[in-house]
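Each chain, written out:
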Amino acid sequence: MPALDEILTQKISKLQENSRFREPVPTWRKGGVEIERNGKTYLSFSCNDYLGLSNHPEVKDAAKEAIALYGAGAGASRLVTGEHPLYGKLEKALAQYKDTEAACLFGSGYLANVGVIPALVGKGDVVIADKLVHACILDGIAISGAKLLRFKHNDIDDCKRLLQQRGDYRNCLVITETIFSMDGDCAPMAHLRSLCDEYDAWLMSDDAHGLYGKNDPVIEDVRIGTLSKVLGSMGGYVTGSAALIAYLKSAARPAIFATALPPASVAAALKALEIVQREPERAGLVLARAKQFTAILGLAEAQSTIVPLIIGEEGAALAMSKKLEQKGFLVTAIRPPTVPEGTSRLRFAFSCVHTEEMVRQLGDIIKHEISLP
Ligand SMILES: *Cc1c(COP(=O)(O)O)cnc(C)c1O
């Protein structure tokens, strides 16, 4: 066996021993919250298509029309010939909706974080980040070469303590998520804003799981978003001042050196954004489902579309996920390194396409047939 494969086989065995080996399973979303896997149909509580827009007929038509008119791919990076006019249109719509000056699209939310952070900070700067921020934020920080300090999750006092230790670092960027992807709780944005003002730091957030609510003003200097969750398409973006966006278009490497998003993804997101604004009740509906679920199980009231049920050990979380699967519900077990050691969990993601009855059934099964730790 070649030396590389031998080493990798050992690594795989190690992952398997620790229940950390991962393999994607072919899965087919059937138009709503039903999905097919291994020839069986399940109700999914593991999709981030919170407003059910990825299968909305108008969204699909917008994508189809863009493909018919402009082809399947962009053909080049934006700075070469990939700058389809739909890009500018979506950026303007996003900035307007978020009440900020400008926006810049990226190939994904992941690429937005990996591109924006190194464009803003580098060696000699410090980033102060919440302990639970997403992997792609950590990757962006690592690429930047800035010093990383981490504060306890959502702990303003701990963040303040780190800001006080800032020392000789030139610039300071504080990073958090508006809604945490694996916990579903919200960051204290207004408090962080005041702290950043007090200590002369910049504030950046990742709003990948935000519901595009109008009651959610952008108070950060930099906010990352994605087209891939609520908007049901593919792509990422950043919003902020005109100067920030103008600079990023020349400095954020994934915006320069990667092929532009397919026009169809942009057209789909534009249509989805229109629907979000036209039908604001969708957001209320999905939050009501999440709250219905936490009420059934006597958990703290859901703050977002995401509700975690912390189990502890990897094996136990996997077993619980399996048990729900046998009952026809697909709920993924989330394990380290995605979440901290000892906090393996089931992560329930709600959609406005879930009915009250579906949520009731799920809640009843967990309540009566699964012994919680
Ligand atoms: C999903 C997610 C991303 C990545 O966004 P994609 O568009 O899927 O690449 C970034 N940050 C957070 C917090 C996320 O949950």
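Everything here concerns the structure above.
Peer 1: Could you give an account of the pairing of strand S9 (residues 222-226), with specific residues and numbers?
Peer 2: Taken across its 5 residues, S9 has 5 buried, putting it largely inside the fold. On S9, burial covers both faces: Val222, Ile224 and Thr226 on one face and Arg223 and Gly225 on the other are all buried. Bridge count between strand S8 (residues 202-206) and S9: 3 bridges; the pairing is parallel. If you follow Ser205 over to S9, its bridge partner there is Arg223. Summarising the sheet, S9 and strand S10 (residues 236-240) pair through 5 bridges and their orientation is antiparallel.

Peer 1: Go over the site of the ligand with me, naming the residues and quoting the values.
Peer 2: The environment of the ligand is made up of 14 residues, and the closest members are Gly109, Asp206, His209, Thr226 and Lys229. Between Thr226 and the ligand, the recorded distance is 2.7 Å, taken from a side-chain N or O atom to an oxygen atom. One of the side-chain nitrogen or oxygen atoms of Ser228 is found 2.9 Å away from an oxygen atom of the ligand. Within the complex, 86% of the 380 Å² of free accessible area of the ligand lies under protein.

Peer 1: Describe in detail the sheet that holds strand S12 (residues 329-330), supporting the description with residues and values.
Peer 2: On the basis of which strands lie adjacent, the open sheet formed by 4 strands has the order S1-S2-S3-S12 and mixed pairing. For this open sheet the edge positions go to strand S1 (27-29) and S12, each flanked by a neighbour on one side alone. With 4 bridges joining them, strand S2 (residues 34-37) and strand S3 (residues 40-44) adopt antiparallel strand pairing. Residue pairing across strands places Glu36 opposite Thr41, the latter belonging to S3.

Peer 1: An account of the environment of Pro263 is needed here, citing residue identities and associated values.
Peer 2: Looking at the secondary structure, you find Pro263 in helix H11 (residues 263-278). Judged by its relative accessible area of 3%, Pro263 falls in the buried class. In sequence terms Pro263 and His56 are 207 residues apart; their C-alpha atoms lie 18 Å from each other. If sequence neighbours within four positions are ignored, Pro263 has contacts with Ala66, Tyr70, Gly73, Ala74, His84 and Leu86.

Peer 1: Could you give an account of the sheet that holds strand S14 (residues 344-349), with specific residues and numbers?
Peer 2: Strand order in the open sheet made by the 3 strands is S11-S14-S13, with antiparallel pairing throughout. Both edges of this open sheet fall to strand S11 (306-312) and strand S13 (333-334), since each of them pairs with a single strand only. One ladder, built from 6 bridges, connects S11 with S14; its direction is antiparallel. What sits directly across from Ile306, in S14, is Ala349. Its contacts with the sheet place helix H13 (residues 314-326) against S11, S13 and S14, and it is angled at close to 35° to S14.

Peer 1: Account for unusual backbone geometry, with residues named and values stated.
Peer 2: Note the cis peptide between Pro336 and Pro337, where omega equals 5°. As for its placement among the helices and strands, Pro337 is situated in the loop between S13 and S14. Phi at Asn154 takes a positive value of approximately 55°, unusual for a residue other than glycine. In this structure, Asn154 sits in the loop between strand S6 (147-151) and helix H7 (156-164).

Peer 1: Outline the pattern of salt bridges, supporting the account with residue identities and numerical values.
Peer 2: This structure, assessed with the given rule, holds 25 salt bridges. For Lys271, the salt bridge is made with Glu274, and the minimal N-O distance between the two is 3.4 Å. Remark: Glu274 and Lys271 occur in helix H11; sequence separation between them is 3 residues, near one turn of the helix. Note on Lys271: relative accessible area 21%, which makes it partly exposed. Within this structure, Glu58, Lys271, Glu274, Arg278, Glu279 and Arg282 form a network of salt bridges that share partners.

Peer 1: So what's going on with the environment of Gly109? Residues and values would help.
Peer 2: Relative to the helices and strands, Gly109 is located in helix H5 (residues 109-120). Taking the C-alpha atoms as reference points, Gly109 and Arg282, separated by 173 residues in sequence, lie 23 Å from one another. Not counting residues up to four positions away in its chain, the partners in contact with Gly109 are Cys136, Ile224, Gly225, Thr226, Gly235 and Gly236.

Reading the values: the criteria
- Residues numbered from 1 in each chain as written.
- Predicted model: local features only at pLDDT ≥ 70, side-chain atom pairs only at ≥ 80, totals over all residues.
- Heavy atoms only, no water.
- Buried < 20%, exposed > 50% of the residue type's maximum accessible area, 1.4 Å probe, protein only.
- Helix = DSSP H or I, 4+ residues; strand = E, 2+ residues; numbered from the N terminus.
- Pairing = 2+ DSSP bridges.
- Near = heavy atom within 4 Å.
- Polar contact = N/O pair within 3.5 Å; in protein donor to acceptor, adjacent residues only side chain to side chain.
- Areas by Shrake-Rupley, 256 points an atom, 1.4 Å probe, with all protein chains shown as cover.
- Contact = heavy atoms within 4.5 Å.
- Axes fitted to C-alpha atoms, helices over the stretch in contact; angles between N-to-C directions.
- Salt bridge = Lys/Arg side-chain N within 4 Å of Asp/Glu carboxyl O.

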